[in-house]
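Next come the chains, spelled out residue by residue.
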Amino acid sequence: MAGILAQDIKFLPGMGPRKALVLNQELKVFTLGDLIYYFPYKYVDRTKFYTIKEITTLLPYIQVKGKLMGMEVIGIGRNQRLVGYLNDGTGVLELIWFQGIKFITQTVKTGVEYIAFGKPTEFNGQFSIVHPELDEYVPDSTKKEGYIQAFYNTSEKLKSNFIHSKNILKFQYAALQLARGTIFESMPGWLVQKLGMLGLESALINIHFPQNPQVLRDAEYRLKFEELFYIQLKLLHLKADRYKKFKGHVFTKVGNYFNDFFYSHLPFELTNAQKRVIREIRKDMGSGRQMNRLLQGDVGSGKTMVALMSALIAMDNGFQCCLMAPTEILANQHFISIQKFLGDMSVKVKLLTGSTKKGERAIIHSDLLSGNLNLIIGTHALLEDIVQFESLGLVIIDEQHRFGVTQRAKLWRKNFVPPHVLVMTATPIPRTLAMTVYGDLDVSVIDELPPGRKPIRTVHYFENKRAQTYDFIRNEIAEGRQIYIVYPLISESEKLDYKNLEEGYEQIIKAFPMPDYAIGMVHGRMKPAAKDLEMQRFKNRETQILVATTVIEVGVDVPNASVMIIESSERFGLSQLHQLRGRVGRGAEQSFCILLSGFKLGAESRKRIETMVATNDGFEIAEVDMRLRGPGDIEGTQQSGIAFDLKISNLAKDGQILQYARDIADSIISQDPLLEQPLNDILKKQLIALKKNHLNWGSIS
Ligand code: ADP
Ligand code: MG
């Protein structure tokens, strides 16, 4: 931003250094440009005047034009208020002030025509507006009569420094007056024309001072499009750049490993989604570019099989492969199921975790280096520098959001030519978010569960149905099933939470006494070995009920467990609830999820629980989650390094604009990957100007 837009706000009329400082601190607004890009959060239509006769309390903000007939102070002490009577010929509207009575009495004149603006309320058939905005009506002033008024978010500190929404509007007016004629178009002319968009200057003026609703929509569209477009352009540009810099291994062969497995070892028919995703991965790894692919698939959708078959392709091409999981339990589980899948095939697989014995560890290290091992499965232990490969061709990371950026980068560097990377996540994130957070990755989605799964039945009970819930548990156990009971744990350090868990445990032990029942407990404060032992006991059916915190959230597979009880379910986030529920429904039996809650439910908790009862679809749940919490808080995105500072667009609402912006950016990049054509000059300049914080993780996923 150059020229006038780069000027300090403190020189604006009515601003001064003190207010400027508050704006710096509270809104990060330093320059006229910053100010102009501080957009309204809502608008109120002040083009229409209501007559007093027309008023109902169903209306939001309204304005009325009338003569102030008189004013009086009523009541004493805290009840004291100033009441003005506004008459427009159709009736009388009361204007009420509880504060600033002295000031209003001195400045407002009876017998004068005013425009009063605010939200109407009713008491005993009499309408009133409390603390109205009041402007003297000036007949020839077109400014006050008939316009759409922008409103800006403010803070307590802003308000106490006399910077209300209305003041910001005045500053905007002054800033736009100065900047007019100097705001340069930030998109190439051909693109503005092609999309029939408003020019930048006109969009900025109309976003603050809309001439009419239509042009306001156009202004909003233009600014949203631009914001989303440049993020997409940046991500796709980054990807094109990476393709140019890093040639990937070319896996052209499909050989014995893959074919032998596919024709003689595959224990079930792949789902169509699995087939499609394997094709996508195969194509990517054969393209000559380094693969950076995110595989999203709901819990139980069969990602492990996709991982294994991808690994077999790498082996067919003479490369090694590693599969990393966030916990020992998960790594173990992968190891066991992959060994089972492979059966008598001559694939050399080993497991490397924190508890691998020293001697064994040394053998693994040397076998990896000599190329004696085809596939290594493990935990963070794989990241150690001592772990080196003969030729690492493919890195697969499960439950990726548990790993940080630097950890991923470490794996990436274990080969001279960077290996292909497949990250798998069971936390579905909404498409719009994936496009933004993982916009420089390719995304594959398994959107289908293996056949024969019975959808989990979910119910919501208030606490008074605990007895019935326990009866239900007894019945299920009598049928040979196992049960999870999960207690909320907001933070590992909160003593209170552990009290909940322990009291819950006591309660369960009383309701399900020995020797008929055996109960286990796991939580985050236990030593990993003790935790694993408890998990193992549950897996081996030595315990029938597992009382737990959310430590069982990730990937644990006990097909015989068919009931998930979630205590105080109103305290869990949606994606957490969904992950927990995914622990059941893995076997052939009908599974159940019971969400227990207190009677008092906030609107959001209610919506979360209703959503859980209504659907099993992780993507649908993720969409609701994003709408409830906003895109910045969605699990799996915080660690991505992308700062969410969208100024005007909203990923929960602007999906269509985003898709369009992405398509356009895509077609530009595919014609001119590095933006070298003069036609795209502005695009390149804008990308360079965009702040770095959208960038820094891109090339190392
Ligand atoms: P997730 O995607 O949660 O990692 P898993 O890979 O653990 O899912 O698969 C869940 C279960 O479904 C496993 O027992 C797996 O063997 C089984 N499975 C995977 N694909 C299929 C399929 N196409 N048909 C039947 N069962 C399958
Ligand atoms: Mg899994």
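Residues numbered from 1 in each chain as written. Chains lettered and ligands numbered in written order. Predicted model: local features only at pLDDT ≥ 70, side-chain atom pairs only at ≥ 80, totals over all residues. Heavy atoms only, no water.

(A) Main features of the overall build of the chain. A tally of helices and strands in the chain yields 23 helices and 22 strands. In terms of its C-alpha atoms, the chain occupies a principal-axis envelope of roughly 95 × 70 × 40 Å. Out of the 701 residues in the chain, the part that is buried amounts to 52%. For the chain, contacts bridging at least 24 residues in sequence account for 74% of all contacts bridging at least 6. For the chain, the computed accessible surface area is about 32,500 Å², with 53% contributed by carbon and sulfur atoms. (Helix = DSSP H or I, 4+ residues; strand = E, 2+ residues; numbered from the N terminus. Buried < 20%, exposed > 50% of the residue type's maximum accessible area, 1.4 Å probe, protein only. Contact = heavy atoms within 4.5 Å. Areas by Shrake-Rupley, 256 points an atom, 1.4 Å probe, with all protein chains shown as cover.)

(B) Focus on the side chain of Q590. Mapped onto the fold, Q590 is located in the loop between α19 (574–581) and β22 (592–597). Owing to a relative accessible area of 18%, Q590 belongs among the buried residues under this scheme. A distance of 3.0 Å separates a polar side-chain atom of Q590 from the backbone oxygen of P455. Sequence-distant contacts of Q590, defined by excluding residues within four places in its chain, comprise K454, P455, I456, R457 and S562. (Polar contact = N/O pair within 3.5 Å; in protein donor to acceptor, adjacent residues only side chain to side chain.)

(C) Spatial organisation of the side chain of N24. Here N24 is to be found in helix α1 (residues 16–27). When neighbours within four sequence positions are excluded, N24 is seen to be in contact with I9, V29 and F30.

(D) Looking closely at the packing of aromatic side chains. Within the structure shown, the criterion is met by 18 aromatic pairs. Ring geometry for F117 and F151: centres 6.4 Å apart, planes at 25°, overall stacked. One end of the pair, F117, is in strand β5 (residues 113–118); the other, F151, is in strand β9 (residues 147–151), and 34 residues separate them in sequence. For F117, a relative accessible area of 3% puts it in the buried group. Residue classification places F151 among the buried residues on the basis of a relative accessible area of 12%. (Phe/Tyr/Trp six-rings, centres within 6.5 Å; stacked < 30°, edge-to-face > 60°.)

(E) Local environment of the site of ligand 1. Near ligand 1 lie 16 residues; those nearest to it are Q274, G300, K303, T304 and R453. At 3.4 Å from an oxygen atom of ligand 1 is found a main-chain nitrogen or oxygen belonging to S301. Between ligand 1 and T304, the relevant distance is 2.7 Å, taken from an oxygen atom to a side-chain nitrogen or oxygen of the residue. In the complex, 79% of the free accessible area of ligand 1, which totals 560 Å², lies under the protein chains. Residue classes in the shell around ligand 1 are distributed as five nonpolar, six polar and five charged. (Near = heavy atom within 4 Å. Nonpolar A, V, L, I, M, F, W, Y, C, P; charged D, E, K, R; others polar.)

(F) Spotlight on the state of the cysteines. In total, this model carries zero disulfides according to the counting rule given. In this structure C321 is a free cysteine whose sulfur lies 6.4 Å from that of C322, the closest cysteine sulfur available. Of the residues examined, C321 reaches a relative accessible area of 1% and is grouped as buried. Looking at C322, the relative accessible area reads 0%, which means it is buried. (Disulfide = S-S within 2.5 Å.)

(G) Broad picture of the domain arrangement of the chain. With domains assigned, the chain is organised as domain 1 (48–146), domain 2 (256–285 + 302–425) and domain 3 (457–615). Between the C-alpha centres of domain 1 and domain 3 there is a distance of 57 Å. (Domains from an automatic or database assignment.)

(H) Representation of the nonpolar core in the model. Residues M187, F225, F229, L233, I376 and I668 are the most contacted members of the largest nonpolar core, which totals 50 residues. Not counting chain neighbours up to four residues away, the residues in contact with I376 comprise C321, C322, L323, K350, L351, L352, I364, L368, L382 and F389. Of all hydrophobic cores here, the second largest spans 42 residues; its members include F251, V277, A314 and L394. (Core = buried A, V, L, I, M, F, W, Y, C linked by side-chain atoms within 4.5 Å.)

(I) Spatial organisation of the environment of T615. Structurally, the position occupied by T615 is in the loop between α20 (603–614) and α21 (618–629). C-alpha of T615 to C-alpha of C593: the two residues are 22 residues apart in sequence and 12 Å apart in space. Beyond its immediate sequence surroundings of up to four residues, T615 is in contact with R581, E620 and I621. A polar contact is formed between the side chain of T615 and the side chain of E620, at a distance of 3.5 Å.

(J) Molecular detail of the packing of helix α9 (residues 256–264) against helix α11 (residues 303–316). The N-to-C vectors of α9 and α11 enclose an angle of 145°; their axes lie 7 Å apart at closest approach. Counting all contacts with α9, which are made through N256, Y257, F258, F261 and F262, the residues of α11 involved are M305, L308, M309, L312, I313, M315 and D316. Taken together, the residues of the contact of α9 with α11 sort by class into ten nonpolar, one polar and one charged. (Axes fitted to C-alpha atoms, helices over the stretch in contact; angles between N-to-C directions.)

(K) A look at the pairing of strand β7 (residues 126–130). The pairing of strand β4 (residues 92–97) with β7 spans three bridges and is parallel. In the strand pairing of β7, L95 is matched with I129. Sheet topology note: the strand β6 (residues 120–123)/β7 ladder contains four bridges and is antiparallel. What sits directly across from E122, in β7, is F127. Taken together, β6 and the strand that follows it, β7, pair antiparallel across an intervening segment of two residues, in which N124 is found at a positive phi of about 50°. (Pairing = 2+ DSSP bridges.)

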